Each structure stands twice: as structure tokens, then as C-alpha cells.
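Here is what each chain is made of, one letter per residue.
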Amino acid sequence: NNEKSVPQLLIRDLKFEKKPLAKLMFSPDQENHPSKAPVKYGELIVLGYNGSLPNGDRGRRKSRFALFKRAKANGVKPSTVHIACTPQAAKAISNKDQHSISYTLSRAQTVVVEYTHDSNTDMFQIGRSTESPIDFVVTDTVPGSQSNSDTQSVQSTISRFACRIICERNPPFTARIYAAGFDSSKNIFLGEKAAKWKTSDGQMDGLTTNGVLVMHPRNGFTEDSKPGVWREISVCGNVFSLRETRSAQQRGKMVENETNQLQDGSLIDLCGATLLWRTAEGLSRTPTVKHLEALRQEINAARPQCPVGFNTLAFPSMKRKDVVDEKQPWVYLNCGHVHGYHNWGNKEERDGKDRECPMCRSVGPYVPLWLGCEAGFYVDAGPPTHAFSPCGHVCSEKTTAYWSQIPLPHGTHTFHAACPFCAHQLAGEQGYIRLIFQGPLD
């Protein structure tokens, strides 16, 4: 097992054909009739799903949601403010046909802010509720779960009406995010315990129980992206530093020079699920599933081999992304040497989890490799040369480097880096590893 005697192959050494891939770089919208395509504001992609929900995407419950310009504007903007002295009076003011936000200050006082129709904007609502005002139904993400049954037993921390996104109907189609969504009676109700306050200009504002956090990356969503700072967004779209814990009564400090405007690569955390916002323009520069499929075929065409069994390895098709295939490549996570599945070097006394690599004798976890199929998570169109640790999801070097630096909210007051494809917390020094394949011996 002398490492130097076998040809080693880093995927970056493969000569990836540039010409056919260039054609595949356009988003599906551009491939079809560009003039007839409806205006797309952007897409929300839930972290932790590799292209679709475990039981399949259905209706408003799916792993990604596209926001298109509506046939008729449905946006709203604040208008009249009422101060009601009894809950009954507050109920009377908030009529079913008009959107309103009720702020309960005490048993003796409620402030009701009426909202009026805005013909210049479209509104999209996100939350756990399946009621009709919710456009995109989001449930708690359980890391690495293969079926929704794993997630249902958990008490959800995602709000039923978690947040709303308001998009300008005219270019540049700016999208803004606000905490809380309107319920079936077109009301947002902030109870006595919710953090709320009067602003300097006499308006009301508040925070939802577990909060809506947003992080805008620096340098956009590109090869040069760097993590930004997590902030909390209020019901009126103002920006605050984080509370001490998710549901603390005391709000953070207002951040005057930042806005609730979403940009390509902004992350939205709903306390139980994190969403990535991609603009239509950003998606047009992102690899498509066709491009990822072409990269998969090119790796397989290079016929990488198992250095122990000398059998040819191949990444399974994107549709078979949960079942381990007999030709599936496996990797030793400490060194990056890629093999086929074998029983060599199994250390029984180590729970069978750690294995000794036959190439370099380093001991560590041994896992199957899976291609990252959700193209929206890629920051570039580079070849799949690196894998996240410990889950084995494979994508480009710059994509692994970017996500390994992002502290994602976890629970009520901790943050950790996670694989965007399965939400597993990253392990090891970097959180990812460079893959070393062995080329064919002929």
C-alpha cells in the first residue's frame, strides 16, 4: 500500500470541457422565451435539503419557493393609527377586510395600526401554518433527516405566521423582509409579552417571540463572499442587534445604517429553519442542475478507481441521492483518500465508526460521498473537488470554504457551521476536505 506507487487524481486535474458547460450556465428562465417569462423577483431555498424535501415537494411545502410578480398587486402599507382603551374596541377597529397590526400595551390599552392597499408592491408570506395567507409553508429542519416523519414529533419553534417579504413591482424589484405575517383575519397580533415600543416618530414597532434573523453576506453571493453579521428584523422592518437569547424581552440596539432590503445570498433564520434568498439575477449566474449533471458525468468518465479493490467508482445519478450504490465512492475524512466500500481496516473497538485508510494509515470516519444537487447553494461553477465533513456532501472548493465560515443559528442562543445540503453540523479543523481520487491503472 505504498501511496507513491499509484496514480493519484485530484478532480481539479481533470480537463473539464468549458464549451458545452458555458451553454448550461443559464438559468431555466433564460433558456425559455425570455420575453414571455413572468418577472421573477427571486427564490427562497431552505437549508438542509439537497434539491427537494425527503417525501417530495408538494404544493406550498417544498425545499425552494420562487417569488413571481403577481397578476394583481397585493402589497400593503401602514395608514391610520388607532389607540383603543379596551380589547373590544381594538377588535372592532381591526375589521376582517383590512390588514392591521395590534400592539397590546396593557389590559387597558391596545394600539391598532391599519394597513392600506399598496398598488406598487407584492407581498409573500412565510410560516409554519398551512392557512391560505401563507404562500410558503416551512417546517423545522432536522439535520440529515430522510423523512418528514422525523420532524413531526419535535415541538416547532417556527412561528405559524413567521415573516413577510414585500417586493417592488417595478425595477429594480427590491425585496424587503418584515417579521410576522398577517393571519386569516388579516391581523398581526403582538400580545402583552411580546417586545414592543413606540418609535421616535410616534409609530409602533415590535419583535416576534423567537424573532426573525437576517444575515447579508459581504461581497454578495460570489466566490469572494464573506459572512456578514446576524441581525434581527422587527415587525416594521427595522434592523436591530441580536437579543441575548432568541425570546428575551429586551430588544437589541437599533442599527441605523443597515436596512431590511434582501440581497443575493441573504440568509433568513426563522428559529427552526434557515432560508437562503437568491435574486433572479444571482440565479442567472449560478450553475444549473444540467451543469452539475455534466460535472458528474465528467468525473465518472475519468473512471476513478478504488485503490484496494481496483473497481471503478461512479457517483450515482442525482435522482438517487439517498440510496448507497455499490459503485458509490467513499472517503476517509481525515485524509481525503477516496475508495469504494470495503471492510479493510475496520477498528471494532472504535464502535466501527473510525477506520484506518489503506493508503496513508490515518484513522478517522469513513463515509459515502454524495453530490450536492441544490445548485442554489453554489457560490461558483467550479468542479466538485471537496466534501463537507462529516456528511460527505461534495461540491466546489469555494462553496465548501464559504459555508464552513457561516455561523448558522442553532437553538435559542448558539451558532455553528453546517452543511447547506443536509444541515449537519460541520466537524474537523476546516469542516471540509479535499478529495484525492486514484486514476485508472491502465
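Use the structure listed above.
Since this is a predicted model, take the numbers as computed values, not measurements. (Residues numbered from 1 in each chain as written. Predicted model: local features only at pLDDT ≥ 70, side-chain atom pairs only at ≥ 80, totals over all residues. Heavy atoms only, no water.)

Here the focus is the sheet that holds strand E11 (residues 187–190). Reading across the sheet, the four strands line up as E4-E6-E5-E11 and stay open at both edges, with mixed pairing between neighbours. Looking at which strands have only one partner, the edges of the open sheet turn out to be strand E4 (75–84) and E11. Strand-to-strand twist in this sheet, taken as the mean axis angle between neighbours without regard to direction, amounts to 20 degrees. Note: strand E5 (residues 100–106) against E11, four bridges, orientation parallel. If you follow isoleucine 101 over to E11, its bridge partner there is isoleucine 188. (Pairing = 2+ DSSP bridges. Helix = DSSP H or I, 4+ residues; strand = E, 2+ residues; numbered from the N terminus. Axes fitted to C-alpha atoms, helices over the stretch in contact; angles between N-to-C directions.)

Further remarks concern the sheet that holds strand E19 (residues 330–332). Pairing is antiparallel in the open sheet, where four strands are placed in the order E20-E19-E22-E21. This sheet does not close on itself; its edge strands, each paired only once, are strand E20 (338–339) and strand E21 (354–356). Here E21 runs beside strand E22 (residues 363–368); their pairing, made up of three bridges, is antiparallel. Its bridge partner lying in E22, aspartate 354 is registered against proline 365.

Here strand E14 (residues 212–215) shows two buried faces, one formed by Val212 and Val214 and the other by Leu213 and Met215. Sheet topology note: the E14/strand E15 (residues 231–233) ladder contains three bridges and is antiparallel. If you follow leucine 213 over to E15, its bridge partner there is glutamate 232. Pairing of E14 with strand E17 (residues 267–269), which is carried by three bridges, proceeds in the antiparallel orientation. Bridge pairing in E17 links methionine 215 to leucine 267. (Buried < 20%, exposed > 50% of the residue type's maximum accessible area, 1.4 Å probe, protein only.)

Residue placement: histidine 386 occurs in strand E24 (residues 386–388). Polar side-chain contacts of histidine 386 include one of 2.6 Å to the side chain of threonine 385. (Polar contact = N/O pair within 3.5 Å; in protein donor to acceptor, adjacent residues only side chain to side chain.)

Mapping methionine 359 onto the fold places it in the loop between E21 and E22. On a C-alpha basis, the gap between methionine 359 and proline 307 in space is 7.8 Å, while along the polypeptide they are 52 residues apart.

Counted by the stated rule, this structure contains 18 aromatic pairs. Here phenylalanine 65 and phenylalanine 124 contribute two aromatic rings whose centre-to-centre distance is 6.5 Å and whose plane-to-plane angle is 70 degrees, an arrangement assigned as edge-to-face. Note that phenylalanine 65 is positioned in strand E3 (residues 64–68) and phenylalanine 124 in strand E7 (residues 121–127), a separation of 59 residues in sequence. Just as phenylalanine 65 is buried, phenylalanine 124 falls in that class too. Seen from their ring centres, tryptophan 230 and phenylalanine 415 are 6.5 Å apart, and the 45 degrees between their planes marks the pair as tilted. With tryptophan 230 in the loop between E14 and E15 and phenylalanine 415 in strand E27 (residues 414–416), this residue pair connects regions lying 185 residues apart in the sequence. Overall, tryptophan 230 belongs to the buried group, its relative accessible area being 6%. Clustering of aromatic rings is evident, with ring pairs tying together Phe221, Phe377, Tyr378, Phe388, Tyr402, Trp403 and Phe421. (Phe/Tyr/Trp six-rings, centres within 6.5 Å; stacked < 30°, edge-to-face > 60°.)

Bringing helix H7 (residues 397–404) into the picture now. In terms of burial, H7 is largely enclosed, as six of its eight residues are buried. Among the residues of H7, Thr399, Thr400, Ala401, Tyr402, Trp403 and Ser404 are the ones counted as buried.

This brings us to the pattern of salt bridges. Summed over all chains, the structure comprises 14 salt bridges. Residue glutamate 43 pairs with arginine 64 through a salt bridge whose shortest N-O separation is 2.6 Å. Of this pair, glutamate 43 sits in strand E2 (residues 40–46) while arginine 64 sits in strand E3; the two residues are 21 residues apart in sequence, bridging distant segments of the chain. Taking the relative accessible area as the measure of exposure, glutamate 43 reaches 9% and is therefore buried. (Salt bridge = Lys/Arg side-chain N within 4 Å of Asp/Glu carboxyl O.)

On to helix H6 (residues 289–301), then. The end-to-end C-alpha distance of H6 is 18 Å, a good match for the 18 Å that 13 residues give at a rise of 1.5 Å each. Along H6, the residues that are buried comprise His291, Leu292, Ala294, Leu295, Arg296, Glu298, Ile299 and Asn300. Two residues or fewer past H6, arginine 303 is found with a positive phi of approximately 50 degrees. (Expected span 1.5 Å × (residues − 1).)

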